[in-house]
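So the chains spell out like this:
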Amino acid sequence: MPIQTNDDITAQAVLFFFAGFDAISTTICFAFYKLTVKKDVQAKLREDVFEAHEANNIKLMKRLSAVVASLYTMKLISLDEFFVPLKSRDHLLFSPISLYMVPAYYPDPTNFDPERFSEQNRDSINLYANISFGAGTRNCICP
């Protein structure tokens, strides 16, 4: 592999920045909307943020990661169970949202409920039913 120049490294850094910009800005806008609608969730999140600020410890904002995880499972569609017969070498593409609409993995899937991703409940979530950032060796570099 050839040695990377400063220009190559800069180009990669800029690519990482812009590749994540649209997803991040959309998530923030959606978060503001959901927190405006769910005043109780907003109040709990504000408590965490103020507590973390006073303690000067960002790790105390545990509800924030739960809110973000909950946002990635929220969509406006639902899917019924279906069966797709596949043959060898067939390709199957699916939207990850189909996992988020299965009540066995996410009870009341259309409800914005960050508590399902709280530290206490995180272990009860099937690792491969939450693929907001991918799973396995091809997961996103950003979370």
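Here we summarise the structure given alongside this text. None of these values were measured; they are calculated from a predicted model. (Residues numbered from 1 in each chain as written. Predicted model: local features only at pLDDT ≥ 70, side-chain atom pairs only at ≥ 80, totals over all residues. Heavy atoms only, no water.)

Section: the overall build of the protein chain
Now for step 1: When helices and strands are counted, the protein chain shows four helices and zero strands.
Now for step 2: Counted from the first residue to the last, the protein chain has its helices and strands arranged as α-α-α-α.
Now for step 3: In the protein chain, 55% of the contacts between residues at least 6 apart in sequence involve partners at least 24 apart.
Now for step 4: For the protein chain, the computed accessible surface area is about 11300 Å², with 61% contributed by carbon and sulfur atoms. (Helix = DSSP H or I, 4+ residues; strand = E, 2+ residues; numbered from the N terminus. Contact = heavy atoms within 4.5 Å. Areas by Shrake-Rupley, 256 points an atom, 1.4 Å probe, with all protein chains shown as cover.)

Section: empty space enclosed by the protein
Now for step 1: Tallied over the full model, the rule gives one cavity of 30 Å³ or more.
Now for step 2: Lining the largest cavity, in full, are V41, K44, R63, V67, P114 and E115.
Now for step 3: Elements that contribute at least two residues to the lining of the largest cavity include exactly α2 (39-55) and α3 (62-73). (1 Å grid on protein atoms, 1.4 Å probe; cavity = no way out; pocket = protein on both sides within 12 Å on 5 of 7 lines; lining within 4 Å. Points joined across faces, edges and corners; volume = space filled by probe spheres on them.)

Notes on a nonpolar patch on the surface
Now for step 1: Together, V14, F17, F18 and F21 make up an exposed nonpolar region whose accessible area comes to about 450 Å².
Now for step 2: Structurally, F17 can be placed in helix α1 (residues 6-37). (Patch = residues over 30% accessible without salt bridge, like charges linked within 9 Å, V, L, I, M, F, W, Y side chains within 5 Å. Salt bridge = Lys/Arg side-chain N within 4 Å of Asp/Glu carboxyl O.)

Remarks on the side chain of S118
Now for step 1: When you line up the elements, S118 lands in the segment after α4 (97-100).
Now for step 2: By relative accessible area, S118 is classed as buried at 8%.
Now for step 3: A polar atom in the side chain of S118 sits 3.2 Å from the side chain of Q120. (Buried < 20%, exposed > 50% of the residue type's maximum accessible area, 1.4 Å probe, protein only. Polar contact = N/O pair within 3.5 Å; in protein donor to acceptor, adjacent residues only side chain to side chain.)

What about the packing of aromatic side chains?
Now for step 1: Following the criterion strictly, the structure yields one aromatic pair and no others.
Now for step 2: Ring geometry for Y106 and F117: centres 6.0 Å apart, planes at 40 degrees, overall tilted. Of the two residues, Y106 sits in the segment after α4 while F117 sits in the segment after α4, which places them 11 residues apart along the sequence. We note that Y106, like F117, is buried. (Phe/Tyr/Trp six-rings, centres within 6.5 Å; stacked < 30°, edge-to-face > 60°.)

What about unusual backbone geometry?
Now for step 1: Phi is positive for N56, close to 55 degrees, though the residue is something other than glycine.
Now for step 2: Along the chain, the position of N56 falls in the loop between α2 and α3.
Now for step 3: We note that D108 has phi near 50 degrees; this positive angle belongs to a residue other than glycine.
Now for step 4: The topology assignment puts D108 in the segment after α4.
Now for step 5: What makes D108 partly exposed here is its relative accessible area of 48%.

A look at α2
Now for step 1: The terminal C-alpha atoms of α2 lie 24 Å apart, and with 17 residues this matches the ideal 24 Å at 1.5 Å per residue to within 8%.
Now for step 2: Turning to α2, its buried residues number three or more, namely V41, L45, D48 and A52. Seen along its axis, α2 keeps its buried residues to an arc of 60 degrees; they face one direction. Of the residues in α2, the exposed ones pointing more than 90 degrees away from the buried face are K39, E47, H53 and E54.
Now for step 3: Looking one or two residues beyond α2, the residue adopting positive phi is N56, at roughly 55 degrees. (Expected span 1.5 Å × (residues − 1). Arc of directions from axis to C-beta.)

Geometric values such as these leave the question of function open.
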